[in-house]
Each structure stands twice: as C-alpha cells, then as structure tokens.
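Coordinate inspection notes
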Amino acid sequence: MKILITGANRGLGLSLAKEALEEGYHVIAGTRSLNEAATSNLTVLKENYNAKLDIFHMDVTEEASIEKAAQQTKHQYGSVDVLINNAAILNERDKSIEELDLAAIQKAFDVNTLGPVRVIKHFLPLLRESSSEKRAILNISSEAGSLTHTYSGDYPYGMSKVSLNMLTEKLRVYLKEDKVKVLSIHPGWMKTDMGGEKAPTNPDQAAKDIMKIINDKIKIEGRFAFINADGTEREI
Ligand code: NDP
C-alpha cells in the first residue's frame, strides 16, 4: 500500500512516515524543500527502510510542484492508496482582529486549505486507480477549525481549518459511491514545532492512532467526517 504524506520532514508528518514504514507500507514523502537541512530526517529513514520511501518536492502552495509529483508517482507506481494532507502553518498567533495583517489570512488559506485542494486535484486520479479497500483521504485538521467550540485568536489558522473541514465534507459526499474514506482529523495537541513544549501528547502517538484509522482497526461512525485521532467524533 502506498501512502502520500505532505509536510513529511518534521513533526507529525515525519512520525506518520516512520509509523507507516514500520507497518510495512510504502511512503511517498512530500517536502516543501529538497535541501539537505529540510530532508535530513527523511534521509535517515530512507537509509533504514531503503526502497520503501520516496522523497518528492511538494510545496503545497505551488500547484506545479504538486502536479509534477503526481506525474512522477503515476510514472513510477501508477496509483496511490492513501493521501494524508498534513502540511500546515500556524501564523499570526494571538493577534487581535485590529492587529491582523490580512496577508497572513491569505497565507494560511494558501497552505492549509488550498494546499490540500491542490494535492487532491492532482492525486485523486491516482487514488481512483487504487484497488485497495483502505483507500482514503485524511485531512489533518485541528480543533481550532471547529465552529461549535471556537476560541478567540488564531484567526488565520482557525478560518483556514474550518474551510478544510468543509472541503472534507464536500469530498465525502462526492466520493461516497467510490468507497473512499474521507476524514478530517484533529490529531491532539502535540509536542512539535507548532504545538510547543507544553503539549500533553506527542506526534508518535498521534501517528499510531491515525494508522489505526487507515487500517480500519478503529471504526468511524457519526454524522460528520471530523474526528479525533482515536476515532471519536468532533462537532464540526
Ligand atoms: P510543524 O510546524 O511541526 O510541521 C509543519 C510541516 O508542514 C513541516 O513539515 C513544514 O515543512 C510543512 N509545511 C509548511 N508549509 C508547507 C508548504 N507550503 N508546503 C509543504 N509543506 C509545508 O506542525 P505539526 O507537525 O505540529 O502539524 C502537523 C499537522 O497537525 C498540521 O496540519 C497542523 O495544523 C495539525 N495540528 C497540529 C497540532 C499540534 O499541537 N502540533 C494541533 C492540531 C492540529 P517545512 O519544514 O519545510 O517548513
């Protein structure tokens, strides 16, 4: 089974790549940059797991890089089984509406919402070629993207993630007949560059839980496609 992960070079993306490799899957790791500093963590994984890891340049804000990665994947493998839209930014933290630079909202939408749109646009044809029963699109979202339990601050991030959740719902309806699992997942507050040191959970645990969702070891039920990493439903 081939799993594509964006933002795979650090944080949750790196943990997901490691866990998927541990479980014997083939990982296509997308990274914003292919320079050594950015890819060194993945190079170590590649040494350990050899042919099971490809590192592709995928800046989710550049459609051409996504299209090229999809073409490379098609040429090399013909299909992909799981798409994980993980790459994201959390910018202009704690700024009030009066202080906000509107360009920051555009930037957050470009990475966090349009990024997954670009990836799905170009990789969905490859997902349709998959014969796996575990076919899935997992959008890594956030509790910050919940309309029912929102908080003040993080305007760019929260607005972009709530839109990501709408994308998930729309795709869930669109792909129902195709039996593709489409989910938005809040991975929990994790110790990463984004989550900071005070976070109670770690990305390795979240990655293990998310792999259980992919492997159908956790059954997802509920009205919406927005869940926690342990499979429990979140209010959208
Ligand atoms: P990090 O900040 O640790 O890592 C973010 C990743 O996204 C990096 O690999 C980064 O690449 C990549 N990225 C950023 N911009 C782009 C881009 N334009 N193109 C491609 N890749 C890009 O974040 P986390 O690992 O903590 O977060 C992973 C996911 O989990 C995100 O979707 C986040 O919103 C979500 N989340 C995280 C929480 C937490 O507590 N950490 C809580 C709730 C949700 P680069 O190294 O090149 O910058």
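Calculation rules
- Along every chain, residues carry numbers that run from 1 in the direction the sequence is written.
- Owing to the predicted nature of the model, reporting of local features is limited to residues with pLDDT of at least 70; listing and counting of side-chain atom pairs is limited to 80 or more, with chain, interface and lining totals taken over all residues.
- Excluding hydrogens and water, the side-chain figures rest on all heavy atoms present in the structure.
- Runs of H or I in DSSP of at least four residues are treated as helices and runs of E of at least two as strands, each being numbered from the N terminus.
- C-alpha atoms define the radius of gyration in this analysis, and the globule rule sets the expected value at 2.2 Å times the number of residues to the power 0.38.
- Partly exposed describes any residue whose relative accessible area lies between the buried limit of under 20% and the exposed limit of over 50%, with all areas from a 1.4 Å probe on protein chains only and scaled to the type maximum.
- For this analysis, residues touch if any pair of their heavy atoms sits within 4.5 Å.
- Areas reported here follow the Shrake-Rupley algorithm with a probe of radius 1.4 Å; residue values treat only the protein chains shown as occluding.
- Multiply 1.5 Å by the residue count of a helix minus one, and that product is the helix's expected span.
- Residues are counted as near a molecule or strand when any one of their heavy atoms sits within 4 Å of it.
- Here a polar contact is taken to be a pair of N or O atoms separated by no more than 3.5 Å, where protein atoms must pair a possible hydrogen donor with a possible acceptor and residues adjacent in sequence count only if both atoms sit in side chains.
- Any residue outside Ala, Val, Leu, Ile, Met, Phe, Trp, Tyr, Cys, Pro, Asp, Glu, Lys and Arg is labelled polar, Gly included; the first ten of those are nonpolar and the last four are charged.

The helix and strand tally for the chain stands at 6 helices and 7 strands. The C-alpha atoms of the chain give a radius of gyration of 17 Å, which matches the 18 Å a tight globule of 236 residues would have. Counting only C-alpha atoms, the chain reaches 50 × 40 × 35 Å along its principal axes. When burial is assessed residue by residue, the chain has 50% of its 236 residues classed as buried. The contacts in the chain between residues at least 6 apart in sequence include a share of 69% that link residues at least 24 apart. In the structure as shown, the chain presents an accessible area of about 11600 Å², 50% of it carried by carbon and sulfur atoms.

The terminal C-alpha atoms of helix α1 (residues 11–22), which comprises 12 residues, lie 17 Å apart, in line with the 16 Å expected from a rise of 1.5 Å per residue. Among the residues of α1, those classed as buried are Leu12, Gly13, Ser15, Leu16, Ala17, Glu19, Ala20 and Leu21. Taken from the residues just after α1, Gly24 is the one with a positive phi, measuring 90 degrees.

Close to the ligand lie 29 residues, the nearest being Asn9, Arg10, Asn86, Tyr157 and Thr192. The contact in question runs from an oxygen atom of the ligand to an N or O atom on the side chain of Asn9, over 2.7 Å. Here the ligand loses 93% of its free accessible area of 900 Å² to cover by the protein chains. The set of elements that each furnish at least two residues to the shell around the ligand consists of α1 and α5 (155–174). Residue composition of the shell around the ligand, by class: 13 nonpolar, 11 polar and 5 charged.

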